Amino acid sequence: MKKMFLVFCLSIFTITFGQTSSLVIGGVLDLTVPEGGNSGKAYEFVAISDITDLSVYAVGIANNGGGTDGIEANFPAVALAEGESFWFLYDSAAFQNYFGDVFGDYNVNFGFDGSLNANGDDAIELFLISANDTTLVDLYGDLDTDGTGEAWEFMDSWAFRNCDARVPNDTFNIAQWTIGEPNCSDGSQTNATSTCPFPINSCNVVSITFQVDMSNEDVSADGVHAAGSMQ
């Protein structure tokens, strides 16, 4: 009697789930401000959903097209609500002077790290740190290209992530960005009077409800309208 052996070959599939980020690069700035020096350098990072602990993120600068240098600054262990920003700044007083009170709106966290020494021709990297890996989750510029003369150069200027393009992307897509002309902030004293103002907080929409008692008024067929300017 012959015995038949059935051999089952089991294939083992390894499924890798991509890292997702709740934080994106929202703006990079190399402004010329009255305080001079590095005072006008800053990097804005925007929460696209609530983040309980920012310390799982880190930043790197790829200087002069020399490729990635890896992590150069870590975020602190603070929370960020959806729509809020975290700014790495060189000079918080200079930014307060340049932007005025509007700088505090929706921008509740600020950090200081002199190691983030980017000029307007350097690429910016955002990393997500896990227990076993460090993953590039968002990128501004080209890691292997000196940005001087490139379309993404922001020397003495800025680059702003468009409101409808705030999705993390480890491949730079210039179509997601609005970029000021190089050197356009030279000679400016404030953002409001600059010939190329950085569109700070322009993605944040505030809803206002007016309640007006029209019981003693004659209302036209076109209804009631609010007119005029408001700050």
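Residues numbered from 1 in each chain as written. Predicted model: local features only at pLDDT ≥ 70, side-chain atom pairs only at ≥ 80, totals over all residues. Heavy atoms only, no water.

Engineer: I'd like a description of the overall build of the protein chain, backed by residues and values.
Structural biologist: Helix and strand content of the protein chain: 1 helix and 10 strands. Sequence-ordered secondary structure for the protein chain, helices as α and strands as β, is β-β-β-β-β-α-β-β-β-β-β. Residues counted as buried form 38% of the 231 residues belonging to the protein chain. Sequence-distant contacts in the protein chain: of pairs separated by 6 or more residues, those separated by 24 or more amount to 68%. As displayed, the protein chain offers around 13200 Å² of accessible surface, 51% of which is attributable to carbon and sulfur atoms. (Helix = DSSP H or I, 4+ residues; strand = E, 2+ residues; numbered from the N terminus. Buried < 20%, exposed > 50% of the residue type's maximum accessible area, 1.4 Å probe, protein only. Contact = heavy atoms within 4.5 Å. Areas by Shrake-Rupley, 256 points an atom, 1.4 Å probe, with all protein chains shown as cover.)

Engineer: Tell me about the sheet that holds strand β6 (residues 109-112), and name the residues and values.
Structural biologist: Note on sheets: strands pair through backbone hydrogen bonds, and any given pair is parallel or antiparallel. The strand order across the open sheet formed by 6 strands is β6-β5-β2-β1-β9-β10, and the pairing between neighbours is mixed. Every other strand in the sheet has two partners, leaving β6 and β10 (177-179) as the edge strands with one partner each. In this sheet, adjacent strand axes meet at a mean angle of 20° when their direction is disregarded. By the bridge criterion, 3 bridges tie strand β9 (residues 158-161) to β10 in an arrangement that is antiparallel. From the neighbouring strand, A159 faces β10, where its bridge partner is I179. (Pairing = 2+ DSSP bridges. Axes fitted to C-alpha atoms, helices over the stretch in contact; angles between N-to-C directions.)

Engineer: So, unusual backbone geometry: which residues are in play, and what are the values?
Structural biologist: Its identity is not glycine, yet N183 carries a phi of approximately 70°, on the positive side. Mapped onto the elements, N183 comes out in the segment after β10. The exposure class of N183 is partly exposed, given its relative accessible area of 40%. Even without glycine at this site, N201 takes up a positive phi of about 65°. On the secondary structure map, N201 appears in the segment after β10. With a relative accessible area of 14%, N201 lands in the buried category.

Engineer: Describe the state of the cysteines, and please don't skip the residues or the numbers.
Structural biologist: Tallied over the full model, the rule gives 2 disulfides. Disulfide pairing is shown between C163 and C203; the S-S distance is 1.9 Å. For the disulfide bridge between C163 and C203, the dihedral angle about the S-S bond is near -95°, and by the sign convention the bridge is left-handed. Of this pair, C163 sits in the loop between β9 and β10 while C203 sits in the segment after β10; the two residues are 40 residues apart in sequence, bridging distant segments of the chain. A relative accessible area of 42% means that C163 is categorised as partly exposed. With a sulfur-sulfur separation of 2.0 Å, C184 is cross-linked through a disulfide to C196. Classification of the bridge connecting C184 and C196 rests on its S-S torsion, roughly 90°, and on that basis the disulfide is right-handed. Of this pair, C184 sits in the segment after β10 while C196 sits in the segment after β10, placing them 12 residues apart in sequence. (Disulfide = S-S within 2.5 Å.)

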